[in-house]
Structures are given as C-alpha cells and as structure tokens.
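Structural overview
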Amino acid sequence: MQTALTDSTEIAADFLNSGGVVAFPTETVYGLGAGICHPEAISKVFRAKGRPGDNPLIVHIYCLEQLADVAAEINSDARLLIERFFPGPLTLVLKKNPCVPDSVTAGLETVGVRCPANPVAQEFLSRCSCPVAAPSANLSGLPSATSWESVYEDLNGKIDCVLRGKPSTIGLESTIVECSGSVPILLRAGAITLEQLQAVLPEIRVNAVTDEREAPKSPGLKYPHYAPKASILFYNANETVAIGPSSAYIGLSDPPEGVSLFRICLNLEEFGRELFRFFRYCDAQCIKVIYCELPADTGLGRAIRDRLLRASGRH
Ligand code: TXA
Ligand code: MG
C-alpha cells in the first residue's frame with residue numbers, strides 16, 4: 001500500500017472519510033485514526049500496529065457536542081473534569097453509546113474519549129464525518145511516535161496517509177481517568193497530574209494492579225509497552241556505575257562518565273517531551289543500554305516514571 005504524506009487536514013480527512021486509516025498529530029503523541037463508522041478501517045488499525053484485539057481504542061472528538069455520539073452517560077465527576085481539562089491531554093472512560101462498535105471498545109461497556117487541544121488535530125477531526133478511534137501511531141510494543149517521521153518509520157506501507165504536523169509538545173500519552181463507576185480512578189498517569197485531578201476530585205483513587213489474576217482495569221496495561229530495543233537501567237547520580245560500551249543516558253542530572261551519548265533535560269516537561277524520541281534515536285544508533293534517571297513520583301514525574309518502569313519491563 002502507498003502511504004500518502006500530506007500537510008492538508010482536508011486531504012487527510014478525505015482519506016479517513018472514504019474508509020482509510022490516517023495518522024495525525026496531537027499534543028500528547030501521534031494517533032492512528034479510523035472513523036468509528038468504518039469497521040473495516042478499525043480492523044486495519046489493529047493489523048497495521050500488530051495490536052491485540054482485546055485492547056480497546058480511544059475515541060477522539062473535536063467538540064463537546066460530539067460527546068453524546070460516543071458516551072451514553074456523563075456523570076458529575078466526568079462533567080467537572082471535562083469543564084476543567086477538555087480539550088487537552090486527558091482521556092475519560094465513560095459508559096459507551098451503543099453506536100460505538102465493539103471492535104473499538106474490545107467488547108467493553110465503556111469507551112475512552114479524548115478531545116485533543118492541538119489545533120491541527122482539532123481541524124482534522126472537525127473535517128471527519130464521525131468520531132475517530134485512534135491508538136498511538138506506532139508498532140505495538142515500541143515507543144509511541146512523537147513526530148510524523150517516527151510514524152512513517154513504523155507504518156509506511158501499512159496505512160493510507162500521514163498528516164504531517166509538528167512534533168508533539170507533551171510527548172507522553174494522555175492521562176486516563178475512569179469515570180463510569182462510583183469512584184473516579186486514575187488508570188494511566190500523564191500530563192494532567194494526579195495533583196491536578198485531586199484538586200477537582202479529592203476522592204480519586206489510583207489503579208493498583210496488585211493481583212496478577214485480576215483483570216487490569218485498562219486492558220492495555222497488561223501488554224509490554226514503550227520499549228526500545230536497548231535495555232533500560234536506572235541511574236542514580238549518587239552512585240558510581242561501571243558503564244559498558246554503546247551506552248546512553250537521559251535524565252535531569254549529569255550523565256554517568258563513559259556513556260557514548262546523553263540527553264540532559266532542563267525540567268520534567270523536557271524529559272517527557274524527549275523521552276520516546278531519545279529511545280528511538282538510541283535504537284537507530286545501536287545503543288545497547290540506556291541509563292535513565294527515575295524522577296520522583298509527583299507531578300509529571302509520575303507519568304515519566306510509569307513509562308520508564310514499563311519500558312524496563314518492571315511494571
Ligand atoms: O494520548 C493518547 O492517549 C494517545 C493519543 C493518540 O490520543 N492515544 C493512546 O492510545 O495512547 P493507546 O491505544 O496507545 O492507549 C490507550 C490506552 C490503552 O492502554 C487501552 O487499554 C486504554 O487506553 N483504554 C481504551 N479504552 C478503554 C476503556 N474503555 N477502558 C479502559 N481502558 C481503556
Ligand atoms: Mg499506545
């Protein structure tokens with residue numbers, strides 16, 4: 001299949017509206033979109049990514065009026081979060097509208113809904129004739145794509161079109177909050193922090209998958225994620241480590257002596273934005289080990305920590 005590259009939201013939406021699969025930019029990471037009214041295109045998204053069919057997709061909307069096409073019920077917790085954080089890097093899990101096909105929600109009674117703030121995403125979604133189901137636009141298991149070039153690297157020849165935008169400004173996938181039950185639950189940490197959520201919903205709980213036999217609340221959490229080919233090891237600036245050849249480092253502190261390449265980030269925002277791009281760059285440079293500084297478990301540090309732990313296979 002020929003994968004078209006375009007800067008035009010109109011051309012990209014034409015592909016999607018005629019049943020195609022289109023990658024598009026958002027402020028978190030690039031998404032791989034299919035219209036929820038195009039079942040064949042939804043299957044193609046799963047095939048192109050190599051994604052297991054039991055891992056549901058997030059549905060993207062461009063305005064609040066579209067919410068009713070996707071969700072059947074919006075409780076008071078959800079309303080408060082929508083007022084405060086939509087559009088933006090937040091996905092809400094809500095009771096689904098029966099119009100949303102089972103292939104999108106992997107048979108669940110709930111659906112993840114997000115309204116991205118990125119203006120190119122908004123313009124593209126507004127030209128699409130139905131809400132757009134979209135996982136991150138990367139091969140399953142690999143780090144999410146934060147630039148159109150990374151999307152193209154993974155999916156060229158497997159999808160219909162890539163809408164070229166700027167690199168994602170956040171670089172980490174959206175915060176996911178389940179709002180379909182009696183208590184809101186943080187399922188995935190992201191740029192909307194737990195502290196920000198607690199300011200709106202003090203009773204929010206954090207999902208802890210404590211028992212292996214217990215089905216995870218978010219099906220995707222059980223799969224290996226975000227992993228570069230290189231091994232991930234954690235580095236604490238107070239320790240001395242013996243660095244082997246072909247090693248790299250990313251973090252806020254100075255790098256350990258002896259690494260062949262490193263990225264020192266000025267703050268957590270930059271760390272989050274650069275992380276997946278750095279993983280991909282290290283793979284391209286045949287780096288064997290990436291030493292990563294684990295930030296503290298507060299603010300944006302929680303999301304970065306989560307991705308690092310998953311990438312290292314410890315989560
Ligand atoms: O920032 C993002 O969220 C990006 C952009 C493209 O919007 N999307 C993204 O999608 O990260 P994906 O498919 O890579 O991750 C979505 C996660 C998966 O872990 C999936 O299991 C979970 O959301 N999810 C989707 N629908 C759900 C539902 N109804 N209940 C619980 N978890 C759900
Ligand atoms: Mg993903």
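Residues numbered from 1 in each chain as written. Chains lettered and ligands numbered in written order. Predicted model: local features only at pLDDT ≥ 70, side-chain atom pairs only at ≥ 80, totals over all residues. Heavy atoms only, no water.

The final tally for this structure, using the stated rule, is one disulfide. The disulfide partner of C37 is C130, and the gap between their sulfur atoms is 2.2 Å. The sign of the -80° torsion about the S-S bond sets the C37-C130 disulfide as left-handed. You can see C37 sitting in the loop between β3 (31-35) and α2 (39-49) and its partner C130 sitting in the loop between α6 (119-127) and β8 (132-133), a full 93 residues away along the chain. Given the relative accessible area of 9%, C130 is considered buried. In this structure C282 is a free cysteine whose sulfur lies 8.2 Å from that of C292, the closest cysteine sulfur available. By relative accessible area, which is 0% here, C282 ends up buried. (Disulfide = S-S within 2.5 Å. Helix = DSSP H or I, 4+ residues; strand = E, 2+ residues; numbered from the N terminus. Buried < 20%, exposed > 50% of the residue type's maximum accessible area, 1.4 Å probe, protein only.)

Between helix α9 (residues 268-284) and helix α10 (residues 301-311), the shortest axis-to-axis distance is 9 Å and the interhelical angle comes to 20°. Taken together, α9 and α10 sit at an angle that is classed as roughly parallel. Here α9 and α10 pass one another in a crossing that is left-handed. Residues L268, F271, G272, L275, F276 and F279 of α9 form the contact with α10, whose participating residues are G301, I304, R307, L308 and A311. (Axes fitted to C-alpha atoms, helices over the stretch in contact; angles between N-to-C directions. Parallel < 35°, antiparallel > 145°, perpendicular 65-115°, else oblique. Left-handed = near helix turned anticlockwise from the far one by under 90°. Contact = heavy atoms within 4.5 Å.)

Near ligand 1 you find 26 residues, and of these T28, N55, H60, S174 and G220 are the closest. In this structure, an oxygen atom belonging to ligand 1 sits 2.6 Å away from a side-chain N or O atom of N55. S136 is positioned such that a nitrogen or oxygen atom in its side chain is 2.9 Å from an oxygen atom of ligand 1. Relative to its unbound accessible area of 680 Å², ligand 1 is 98% covered by the protein chains. Secondary structure elements with two or more residues in the shell around ligand 1: β4 (58-60), β7 (110-114) and β11 (185-188). Tallying contributions element by element places β7 first for the shell around ligand 1, with four residues. Of the residues belonging to the shell around ligand 1, the class tally is eleven nonpolar, ten polar and five charged. (Near = heavy atom within 4 Å. Polar contact = N/O pair within 3.5 Å; in protein donor to acceptor, adjacent residues only side chain to side chain. Areas by Shrake-Rupley, 256 points an atom, 1.4 Å probe, with all protein chains shown as cover. Nonpolar A, V, L, I, M, F, W, Y, C, P; charged D, E, K, R; others polar.)

Attention shifts here to the domain arrangement of the protein. The domains assigned to the protein are domain 1 (4-206) and domain 2 (231-312). Counting residues at the interface gives 25 residues for domain 1, matched by 14 residues for domain 2. Buried surface at the junction of domain 1 and domain 2, both sides included, amounts to about 1500 Å², of which 56% is carbon and sulfur. When the area that domain 1 buries against domain 2 is broken down by residue, the three leading residues are P143, L172 and A189, summing to 34%. Viewed at the interface, domain 2 and domain 1 are joined by three salt bridges. The partner of R280 in a salt bridge is D154, with the nearest N and O atoms 2.9 Å apart. The interface formed by domain 1 and domain 2 includes seven residue pairs in polar contact (both at pLDDT 80 or more). Taken together, the elements giving at least two residues each to the side of domain 1 that touches domain 2 come down to α7 (148-155), β11 and α8 (194-200). At three residues, α7 tops the list of elements feeding residues into the side of domain 1 that touches domain 2. (Domains from an automatic or database assignment. Buried area = accessible area lost by both parts, 1.4 Å probe. Salt bridge = Lys/Arg side-chain N within 4 Å of Asp/Glu carboxyl O.)

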